Amino acid sequence: MSEQGHSAEGRGRDFDAVIVGAGFAGLYMLHKMKSAGLSACVFETGDGVGGTWYWNSYPGARCDVPSMEYSYQFDEDLQQEWEWTERYSSQGEILSYLEHVTDRFGLRPHIRFNTKVSAASFNEESGDWAIETDDGDQVSSQFLIMATGCLSARFTPEIEGMDSFEGALAHTGNWPKDGIDVAGKRVGVIGTGSSGIQVAPMLAREAGELFVFQRSPAFSVPSQNKPLDAAEQKAIKARYADFRAEAKRSRAGILYGLGEGSALDADAALLKEEFEKRWQAGGLGFTAAFHDLFDTVEANGTAADFVRDKISEIVKDPEVAEALTPHTLIGCKRLCVDAGYYDTFNRENVTLVDLRKGAIERFTGTGIIVGGSEVPLDVVVLATGFDALTGALLRVDIKGRGGVTLKEKWSEGPKTYLGHSISGFPNLFAITGPGSPSVLSNLVPSIEQDVDWVGRCIAHMREHGHQVIEATPDAEEEWVAHVSEVAHRSIYPLEDSWYVGSNVPGKPRVFLPYIGFPDFVERCNKVADQGYTGYGLS
Ligand code: NA7
């Protein structure tokens, strides 16, 4: 690849920055680099922009953070001009938005589509990264910025005979662009996390019969999605900066309106009233009804009991209702947000296959064997999730100082400083990496926070003539311990979930995200204000 930006020219390298991934993070990072006059290129596996919103185009795919918050705020004209149509945006609308952003800021010519980064190694002599793509190309760059997403490395369980299945088979995270015709067919969905819960009601409407293969029941609350009221949108836009600032002061960077009271101080009537209000309002704010739902098992149980009661009210067959009812903490495994999920099981053409009574044994050419007998199927949808937060980084063969691979470095779990920097891997930044608020926050402002921080850091290096920045082992160790300490103050780590990596066999059990967006921002700003404490600059 010969495209040379003016800034990298004469330094013997192809780019100042190579960015991997053209989703929310990669696009804004590219814009940031270009605006600073740096030469930058994005490598993207897909043939379009969008990241998560490019790949997850299954029926029912929708964001569960409100549209007015799940959008960029770096450009006032953009946020004023773009009109969202629904309270929660569909995958298609978010993809259109990202395509608009790409063209509006002239990013497309700097993105190399259909190109997967397969390996990257740090050259200690030049201080550059050598980046290899799967088409055999190699480029050099001072900075390597992994904008590879938190939930992008698909997890497909190894089930015997899957390859021999003769019907249509698709992962929700890699949905065929022309869709799948399910009309009148026998369709199976494996998995009941957010993706399974979104796709199942949509498939049920079209399919002849739908079989939902459930290993663990999940808690879900209604989205109460609706068209976005024009007056409401206008009112928010009139004070967008304040609205955004207010959101950033909340734990997740989202305006849930955290309840001030403790669930443990509330009597039965107040609990019911508050939870019902949140249920009717819809969305993830349900678990913000009281301030301590993630502090103690007892407090959490009040919310879980409310949803358990709802499930038994909604699902008419008591046996099915019980099978759908989780007897776990709520929200410690990602809370799902749905559009009629539980009610779907009242349909004649929908069957819940409870895998706790008999696991999936294998695929045949014509279906799935469960508990010794075959469920004949024409279509199987794998809603089996992702190797979250670390998967996309570890699937690239990244070698740092001394040829040490990231896989070796993270063999006992990810270690980062501030979620984006890794000791031994200079000039590499992971946007919303493990140890950052990422998936426990509104990802768009979290992305903007990281991108702005990296942009400021690179500007600082240029100004002071530094070529290389690297987190110190001590700073990294302290951060890793802090992330874990904060997590263990809550009840989050008590449940098995992709937050702790337990969905992927063999993955070390480590609580991956950092809890607390405002604290994270404060810490990152302090590090920068004090001249990049915890880093070596040379
Ligand atoms: P999730 O939330 O990881 O859900 C995956 C589901 O797939 C979950 O119900 C799993 O059951 C199930 N699963 C995984 N492997 C198997 C096998 N072998 N057999 C049966 N069932 C299996 O992924 P999603 O894509 O739904 O959501 C990911 C995030 O994306 C979501 O939280 C939002 O933040 C956006 P398990 O619970 O492990 O028993």
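**Student:** So what about the overall build of the chain? Which residues, and what values?
**Tutor:** What the chain contains, in helices and strands, is 16 helices and 20 strands. Overall, the C-alpha framework of the chain stretches about 70 × 55 × 45 Å when taken along its three principal axes. Out of the 538 residues in the chain, the part that is buried amounts to 59%. In the chain, once contacts between residues fewer than 6 apart in sequence are set aside, the share between residues at least 24 apart is 71%. Summed over its atoms, the accessible surface of the chain is roughly 21600 Å², and 49% of this surface lies on carbon and sulfur atoms. In the chain, 49 positive and 77 negative side-chain charges are present, and the distance between their average locations comes to 1 Å.

**Student:** Lay out the packing of aromatic side chains in plain terms, naming residues and giving numbers.
**Tutor:** All told, the structure shown has 38 aromatic pairs when counted by the stated rule. With centroids separated by 5.8 Å and ring planes inclined at 35°, the aromatic side chains of F286 and F306 adopt a geometry described as tilted. In this pair, F286 is assigned in the loop between α8 (268-281) and α9 (297-314) and F306 in helix α9, connecting sequence segments 20 residues apart. A single burial state applies to F286 and to F306, both of which are buried.

**Student:** Summarise the site of the ligand; cite the residues concerned and give the values.
**Tutor:** Residues in contact with the ligand amount to 19 residues; listed here are only the nearest, T192, S195, R215, S216 and K333. Note that an oxygen atom of the ligand is positioned 2.8 Å from one of the side-chain N or O atoms of R215. Protein contact buries 85% of the 780 Å² of open area that the ligand shows by itself.

**Student:** Outline empty space enclosed by the protein, listing residues and values.
**Tutor:** The full count for this structure, using the stated rule, is 6 cavities of 30 Å³ or more. Here the largest cavity defines a volume of roughly 60 Å³. In terms of lining, the largest cavity is formed by P217, A218, F219, P326, T328, L329, G331, K333 and R334. By residue class, the composition of the lining of the largest cavity is 5 nonpolar, 2 polar and 2 charged.

**Student:** So, the sheet that holds strand β8 (residues 186-190): which residues are in play, and what are the values?
**Tutor:** Taken together, 5 strands build an open sheet; the order of strands is β7-β16-β8-β9-β12 and the sheet is parallel. Across the chains shown, the open sheet's two edge strands, defined by having one partner strand only, are β7 (168-171) and β12 (350-354). Averaged over all pairs of adjacent strands, the angle between their axes in this sheet comes to 15°, without regard to strand direction. For β8 and strand β16 (residues 379-382), the ladder comprises 4 bridges, and the chain directions are parallel. Considered in β16, the bridge of G188 is made with V380.

**Student:** Quick one: what's the story with the domain arrangement of the chain, residue by residue and with numbers?
**Tutor:** Along its sequence, the chain is organised into domain 1 (6-49 + 107-153 + 387-537) and domain 2 (187-382). Computed over C-alpha atoms only, the centres of domain 1 and domain 2 are separated by 31 Å. Tallying the contact residues gives 17 residues for domain 1 and 19 residues for domain 2. Between domain 1 and domain 2 lies a buried interface of about 1500 Å² when both sides are counted; carbon and sulfur atoms form 65% of it. Per-residue buried area on domain 1 facing domain 2 is highest for I491, Y492 and E495; these three make up 38% of the total on that side. Viewed at the interface, domain 2 and domain 1 are joined by 0 salt bridges. Our enumeration of links across domain 1 and domain 2 arrives at 4 residue pairs in polar contact (both at pLDDT 80 or more). When the residues that make up the side of domain 1 that touches domain 2 are grouped by side-chain class, the tally is 9 nonpolar, 5 polar and 3 charged.

**Student:** Report on the nonpolar core, specifying residues and quantitative values.
**Tutor:** Counting residues in each nonpolar core, the largest one holds 132 residues, and the members touching the most others are F24, Y72 and W453. It is helix α14 (residues 443-464) that contributes the most residues to this core, 8 residues altogether. Two domains each put at least three residues into this core: domain 1 (6-49 + 107-153 + 387-537) and domain 2 (187-382). Apart from the residues lying within four places of it in its own chain, the contact partners of W453 are L418, H420, F429, C524, V527, A528, Y532 and Y535.

About the criteria used
Note on numbering: residues in each chain are counted from 1, in written sequence order. Two thresholds apply to this predicted model, a pLDDT of at least 70 for residue-level local features and 80 or more for giving and counting side-chain atom pairs, whereas whole-chain, interface and lining totals are computed over all residues. Only hydrogens and water are removed before side-chain values are computed, so all heavy atoms of the structure are retained for them. Numbering goes from the N terminus for both helices and strands, where a helix is a DSSP run of H or I of at least four residues and a strand is a run of E of at least two. Burial classes follow relative accessibility: with a 1.4 Å probe on protein chains only, a residue under 20% of its type's maximum area counts as buried, one over 50% as exposed, and anything between as partly exposed. Contacts are assigned to residue pairs that have any heavy atoms within 4.5 Å of one another. Only the protein chains shown count as cover for residues, and all accessible areas are computed by the Shrake-Rupley method using a 1.4 Å probe. In this count, Lys and Arg are taken as positive residues and Asp and Glu as negative ones, while His and the chain termini are left out. Note on charges: their place is set at NZ of Lys, CZ of Arg, CG of Asp or CD of Glu. Two aromatic rings from Phe, Tyr or Trp, using only the six-membered ring of Trp, form a pair when their centres are within 6.5 Å; if the ring planes differ by under 30 degrees the pair is stacked, by over 60 it is edge-to-face, and anything between is tilted. One heavy atom suffices: a residue is near a molecule or strand as soon as one of its heavy atoms comes within 4 Å of it. What qualifies as a polar contact is a pair of N or O atoms within 3.5 Å, subject to a donor-acceptor requirement within protein and to the restriction that residues adjacent in sequence count only when both atoms come from side chains. For each structure, a 1 Å grid was placed over the protein atoms alone; sets of points admitting a 1.4 Å probe that cannot get out are labelled cavities, open sets with protein on both sides within 12 Å along at least five of seven lines are labelled pockets, and lining residues have an atom within 4 Å of a point. Grid points are joined across faces, edges and corners, and a volume is the space filled by probe spheres set on the points. Any residue outside Ala, Val, Leu, Ile, Met, Phe, Trp, Tyr, Cys, Pro, Asp, Glu, Lys and Arg is labelled polar, Gly included; the first ten of those are nonpolar and the last four are charged. Note on pairing: DSSP must find at least two bridges between two strands before they are called paired. In this analysis, axes come from line fits to C-alpha atoms, helices being fitted only over the stretch in contact, and the angle between any two N-to-C directions falls in the range 0 to 180 degrees. Those domain boundaries reflect an automatic or database domain assignment. Here's the idea: put two parts together, see how much 1.4 Å probe accessible area each one loses, and the total over both is what we call buried area. Salt bridges, as used here, are contacts in which a Lys or Arg side-chain nitrogen is within 4 Å of a carboxyl oxygen on Asp or Glu. For our purposes a nonpolar core is just a set of buried Ala, Val, Leu, Ile, Met, Phe, Trp, Tyr and Cys residues, chained together by side-chain atoms within 4.5 Å.

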